[in-house]
Amino acid sequence: MRFDVIVVGASFAGASAAMQLVRARRKVLMIDAGQPRNRFAAAAHGFLGQDGVAPHVIMATAIEQLLAYPTFELAVAHAEQAQAMPDGVRVTLEDARAFTAARLILATGVRDELPAIPGLAQRWGRTAVHCPYCHGYELGDRQLGVIATTPLSAHQAIMLPDWGPTTYFTQGEFEPQEQEASLMEKRGVRIERTPVVELLGAAPEIEAVRLADGRTVAIGGLFVGPRVHMASPLAMQLGCAFEQGPMGPFIQTDAMRQTSVTHVFAAGDAAAAFHNATMAAASGVMAGVSAHRSLMMA
């Protein structure tokens, strides 16, 4: 079966792209396996009109609304392979079903690689998080910590005192630069150079962290910048160009969300250096509009 556009990924970016296209009366197939990056979070925050709503509730509403359009179809499955063709793309699912379309939008997201610290994974998305704008308010006024994973972690530590008293754990690797250290001192950030080796307390809460020298530091919320990897191999299979971001690679696109491969667009966390639900939705809107425009101009 042939569609105008196939959208792979049904989270904020993919659903936003699909909405623009079905409202333009284009035939759209959305493929999704039901494993979004935000599945560990109890609520989405900072998203206009959806503050405090669970991500799965937001997306269930979005899918319900999309299914009301007669040109929309949903396939709940993993997209295993993608192939560029002269007149579009071909996508094959895990059950061997194959679909073709004139355009493809990759909203496939990323996979987080957390530091190998015992107790971190059990708290991820609750009291151990990556974005202060998304989760800082809920952790406000607790003793907060930043576990450094890249040089950008120092910037996060400088931000966090707006939410609560902050300790910057360098992990023995990411010493702040002179200007950063000066700002931390000015903002009241404590610098701890002995690495965190364990999180303590009854998960998902955090009571303290244990350091490599045996000391414990009282902490109620942790911010960690995970390394990220593509959650899907489709962009690599298609030969899309990538850029290197501070946390990992992302799909290269132009301002209209067009990738380096003809007929293929990308949006959301898979195609951005910095990640936020609102930005993902906005990039999905642009990808949907751009895909529609390219169909009109063909």
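Structure's up top.
Everything quoted here is computed from the prediction, not taken from an experiment. (Residues numbered from 1 in each chain as written. Predicted model: local features only at pLDDT ≥ 70, side-chain atom pairs only at ≥ 80, totals over all residues. Heavy atoms only, no water.)

Trainee: Whenever I open this one, helix 1 (residues 12–23) confuses me. Can you help?
Mentor: Because an α-helix packs 3.6 residues into every turn, residues spaced three or four apart end up facing the same way. The end-to-end C-alpha distance of helix 1 is 17 Å, a good match for the 16 Å that 12 residues give at a rise of 1.5 Å each. When you tally the buried positions in helix 1, you get 10 out of 12 residues, the bulk of the element. Within the sequence span of helix 1, burial applies to F12, A13, G14, A15, S16, A17, A18, M19, L21 and V22. On its buried face, helix 1 is in contact with strand 1 (2–8), strand 2 (28–32), helix 2 (55–67), strand 3 (72–76), strand 6 (98–106) and helix 7 (277–297). Just beyond helix 1, the residue with positive phi is R25, at close to 65 degrees. (Helix = DSSP H or I, 4+ residues; strand = E, 2+ residues; numbered from the N terminus. Expected span 1.5 Å × (residues − 1). Buried < 20%, exposed > 50% of the residue type's maximum accessible area, 1.4 Å probe, protein only. Contact = heavy atoms within 4.5 Å.)

Trainee: Quick question: what am I supposed to make of the side chain of R257 here?
Mentor: Looking at the element boundaries, R257 is found in the loop between strand 18 (249–251) and strand 19 (264–266). No salt bridge is formed by the buried R257; the nearest opposite charge belongs to D254, separated by 6.9 Å. Dropping the residues within four chain positions of it, R257 is found in contact with V264, F265, A266, A267, A271, S283, M286 and A287. (Lys, Arg positive; Asp, Glu negative; His and termini not counted. Salt bridge = Lys/Arg side-chain N within 4 Å of Asp/Glu carboxyl O.)

Trainee: What am I meant to see in the nonpolar core here?
Mentor: Most often, soluble globular proteins have nonpolar side chains that are buried together. Grouped together as the largest cluster of nonpolar side chains are 32 residues, with contacts concentrated most on F12, M30, L66 and I105. Element by element, the count of residues in this core is highest for helix 1, at 8 residues. Residues in contact with M30, not counting those within four places in the same chain, are V7, G9, A10, G14, A15, A18, I63, L66, F72, E73, L74 and A75. (Core = buried A, V, L, I, M, F, W, Y, C linked by side-chain atoms within 4.5 Å.)

Trainee: Would you mind showing me how to read the environment of V57 here?
Mentor: Mapped onto the fold, V57 is located in helix 2. On the accessibility criterion, V57 (38% relative accessible area) is partly exposed. With 14 residues separating them along the chain, V57 and A43 place their C-alpha atoms 9.2 Å apart.

Trainee: Explain the sheet that holds strand 10 (residues 166–169) to me, please; I cannot follow it from the model alone.
Mentor: Pairing between sheet strands relies on hydrogen bonds along the backbone, with the strands arranged either parallel or antiparallel. Strand order in the open sheet made by the 5 strands is 8-15-9-10-11, with parallel pairing throughout. Because the sheet does not close on itself, it has two edges, and the strands there are strand 8 (128–129) and strand 11 (190–192). In this sheet, strand 10 lies alongside strand 9 (residues 144–147) in parallel orientation, the contact comprising 4 bridges. Paired with V146 across the two strands is Y168, which belongs to strand 10. (Pairing = 2+ DSSP bridges.)

Trainee: How do you make sense of the packing of helix 1 against helix 7 when you look at a structure like this?
Mentor: A pair of packed helices can be characterised by two numbers: the angle between their axes and the separation between those axes. The interhelical angle for the contact between helix 1 and helix 7, taken along N-to-C directions, is 35 degrees, at an axis separation of 7 Å. Crossing geometry of helix 1 relative to helix 7 is assigned as right-handed. Packed against helix 1, whose contacting residues are F12, A13, S16, A17, Q20 and L21, the element helix 7 presents A277, A280, A281, S283, G284, V285, G288, V289, A291 and H292 at the interface. For the contact of helix 1 with helix 7, the per-class residue count stands at 10 nonpolar, 6 polar and no charged. (Axes fitted to C-alpha atoms, helices over the stretch in contact; angles between N-to-C directions. Left-handed = near helix turned anticlockwise from the far one by under 90°. Nonpolar A, V, L, I, M, F, W, Y, C, P; charged D, E, K, R; others polar.)

Trainee: Explain the sheet that holds strand 12 (residues 196–200) here, please?
Mentor: Pairing is antiparallel in the open sheet, where 3 strands are placed in the order 12-13-14. Of all the strands in the sheet, just strand 12 and strand 14 (216–218) have a single pairing partner and so form its edges. Along the sheet, successive strands turn relative to each other by an average axial angle of 25 degrees, direction set aside. Pairing analysis gives 4 bridges linking strand 12 to strand 13 (residues 208–211), with the strands arranged antiparallel. Each bridged residue has a counterpart across the sheet, and for E198 the counterpart in strand 13 is R210.

Trainee: Please clarify how the pattern of salt bridges should be interpreted in this entry.
Mentor: Side-chain pairing between opposite charges can occur once the charged atoms of the two side chains come close. Under the criterion given, the structure shown has 13 salt bridges. A salt bridge links R26 to D4; its shortest N-O distance comes to 3.9 Å. Taken together, the positions of R26 in the loop between helix 1 and strand 2 and D4 in strand 1 put the pair 22 residues apart, joining distant regions of the chain. Overall, R26 belongs to the partly exposed group, its relative accessible area being 21%. The shortest N-O distance in the salt bridge between E198 and R210 comes to 3.1 Å. Residue E198 is located in strand 12, and its partner R210 is located in strand 13; the two are separated by 12 residues in the primary sequence. Judged by relative accessible area, which is 31%, R210 ranks as partly exposed.

Trainee: I'm lost on the packing of helix 1 against helix 2 in this one. Help?
Mentor: Relative to each other, helix 1 and helix 2 sit at 20 degrees, their axes nearing to 10 Å. Between helix 1 and helix 2, the angle falls in the class roughly parallel. The crossing of helix 1 and helix 2 is left-handed. Contact residues: helix 1 offers F12, A15, A18, M19 and V22, while helix 2 offers I58, M59, A62, Q65 and L66. Residues that form the contact of helix 1 with helix 2 fall into these classes: 9 nonpolar, 1 polar and no charged. (Parallel < 35°, antiparallel > 145°, perpendicular 65-115°, else oblique.)

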